[in-house]
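Here's the letter readout for the chains.
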Amino acid sequence: MVSRVIPVDPFDLVIFGGTGDLARRKILPGLYRRFLDGQMPPEARVIGAARSEMDEDGYRDFVRAAIEEFVDARRRDPERIEAFLERLGYVAIDARGTGGWQELRDRMRAGVVRAFYFSVAPALFGDLAERLHGFGIADGDSRLVVEKPFGHDLASARALNTTLAAHFNEAQIYRIDHYLGKETVQNLMAVRFANILFEPLWNAQYVDHVQITVAETVGVDGRGSYYDQSGAMRDMVQNHLMQLLCLIAMEPPNRFDPDAVRDEKLKVIRALDPVAPEDIVRGQYGAVGGQPGYREDVGNSDSRTESYVALRVHVSNWRWKGTPFYLRTGKRLRARSSEIAITFREPPHSIFGEDERWKENVLVIRLQPNEGIKLRVMIKEPGPGGMRLVNVPLDMSFAEALGEGGTDIPDAYERLIMDVIRGNQTLFMRGDEVEAAWAWTDPVIAEWVDAGSRPVSYDPGTSGPEDALMLMHRDGRRWREITP
Ligand code: BG6
């Protein structure tokens, strides 16, 4: 199926941190793919801005190399790459001084959308915002894109919100959580709200429990100094897993528009119960077979930071009272596998007798890899031999369902950057949402700091610490297998 690509309006996009890792891996390759698909109009310009002195050719070489490394070979067309590079510029900028700002101002064109991507340390947000304003580069319609981590706790998130609010209003600020840009995450909303089938069952009366898993095989990958100050709770749960939970638990918004959706998500975060210490398992991967463990990876031999966390969470409202949400995420696990599984309750009465072992109906929303949605249902085992039942998946793998081209699922960043240019904030976090998420996370972390909690060790390549099994066993439930 050929996807419909509607070009966005002409824009000037300035990427602060234009030579950084995120720009190299995600933002620039993503823009190239949008260009290739005809979504980036010919008049669009991308300007890298960073500290390094570099001329425009130097920047184009940098971007060419990024495309070579991070864009699939099938989509690398030398001519198209050169055409894309022609749309790029570079300005060396001193974020804390005055160098480069006048030049940047001169580069900006009238009559096009202006967007500024802050792909830099949050400590620079204030300096950049102030200069964009002071030098008259940003106007009342300009858009600001900010990356996580959006704060380290509630106080720092509030401070960041205040800093940005001094120069930009909320309608101009796009706080990225790249999980919201993932195709299947958006599909979760389509499945829930564009079908009549699920919504009547989407509550504690019919849903036994929900599992959200984001398992990674990578370790901290050279980000040790950031990660050791953060841990899985801050790095993944406060933002990505929380957003997934919100999309499952929220009430239907009356429209798919930014404030309607974000109001509903905010209500979910505010309805979360505090998490009891016995409902949390923290883990840290150890060293095996000559491979360094977490502590060696981060260079901190006494680190108490978790590289894995599992939690049982309750959404305290009418819809979800009595349905626990189990969340887990970790690094160096058995497989890269992210999914949401909604397990429905047993039918009230079995007409087939006790011998026929019933298995749950489960709706599995697979985020990555092998994006798709599966619904496990009971059917009769084919053939003679009486009424024997079997649990099979109704499978909607996107690659198959969408046919040719269906495998070409755009990266989360591509979708989100185009939304910025379109001026659509639906898939971005509002300031109050981020603060509410920290307000829930902070006491959890404070509690284990006060208690001097140490994460339990787990072997890399496994499903995480044994203790996490207990979190579900004691409720008579079990985690789903982590499979690629
Ligand atoms: C980032 C975290 O936000 O998300 C990383 O900082 C994590 O630690 C990454 O590896 C996971 O993203 P994805 O898209 O690979 O699941």
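In case you missed it, the structure is sitting above this.
Because the structure is predicted, anything quoted here is derived from the model rather than measured.

A. Focus on the sheet that holds strand 9 (residues 308–313). Taken in spatial order, the 9 strands make up an open sheet running 14-13-12-11-7-10-9-8-15, and their pairing is mixed. The strands lining the two open edges of the sheet, one partner per strand, are strand 14 (389–397) and strand 15 (456–458). Recorded for the sheet is a direction-independent mean angle of 20 degrees between the axes of neighbouring strands. Direction of pairing for strand 7 (residues 207–215) relative to strand 10 (residues 325–330): parallel, over a ladder of 6 bridges. Considered in strand 10, the bridge of V210 is made with F325. Along the sheet, helix 7 (residues 183–193) contacts strand 11 (337–344), strand 12 (362–368) and strand 13 (372–380); its crossing angle with strand 12, the most-contacted strand, is approximately 150 degrees. Strands strand 7, strand 9, strand 10, strand 11 and strand 12 of the sheet are contacted by helix 9 (residues 231–249), whose axis makes an angle of about 145 degrees with strand 10.

B. Inspection of the site of the ligand at higher detail. In the region of the ligand, the neighbouring residues are K148, H178, Y179, K182, E216, R223, D235, M236, H240, K331, R336 and Q368. Side-chain polar atom of D235 to an oxygen atom of the ligand: 2.6 Å apart, as the coordinates give it. Between the ligand and the protein, one listed contact pairs an oxygen atom with a side-chain N or O atom of H240 at 2.7 Å. Look at the ligand: alone it shows 400 Å² of surface, and the protein chains cover 81% of it. Ranked by residue count, the leading element in the shell around the ligand is helix 9, at 3 residues.

C. The arrangement of the packing of aromatic side chains in detail. Applying the stated criterion across every chain yields a total of 17 aromatic pairs. Taken together, F16, W101, F116, F118, F125 and F135 form an aromatic cluster joined through their ring pairs. The positively charged end of R175 is found above the aromatic ring belonging to F150, 5.1 Å away from the centroid. Taking the ring centre of Y179 as reference, the NZ or CZ of K182 above it sits at 4.6 Å.

Scoring rules and cut-offs
- Residues numbered from 1 in each chain as written.
- Predicted model: local features only at pLDDT ≥ 70, side-chain atom pairs only at ≥ 80, totals over all residues.
- Heavy atoms only, no water.
- Pairing = 2+ DSSP bridges.
- Helix = DSSP H or I, 4+ residues; strand = E, 2+ residues; numbered from the N terminus.
- Axes fitted to C-alpha atoms, helices over the stretch in contact; angles between N-to-C directions.
- Contact = heavy atoms within 4.5 Å.
- Near = heavy atom within 4 Å.
- Polar contact = N/O pair within 3.5 Å; in protein donor to acceptor, adjacent residues only side chain to side chain.
- Areas by Shrake-Rupley, 256 points an atom, 1.4 Å probe, with all protein chains shown as cover.
- Phe/Tyr/Trp six-rings, centres within 6.5 Å; stacked < 30°, edge-to-face > 60°.
- Lys NZ or Arg CZ within 6 Å of the ring centre and 35° of its normal.

Any link to function would need more than the numbers given here.
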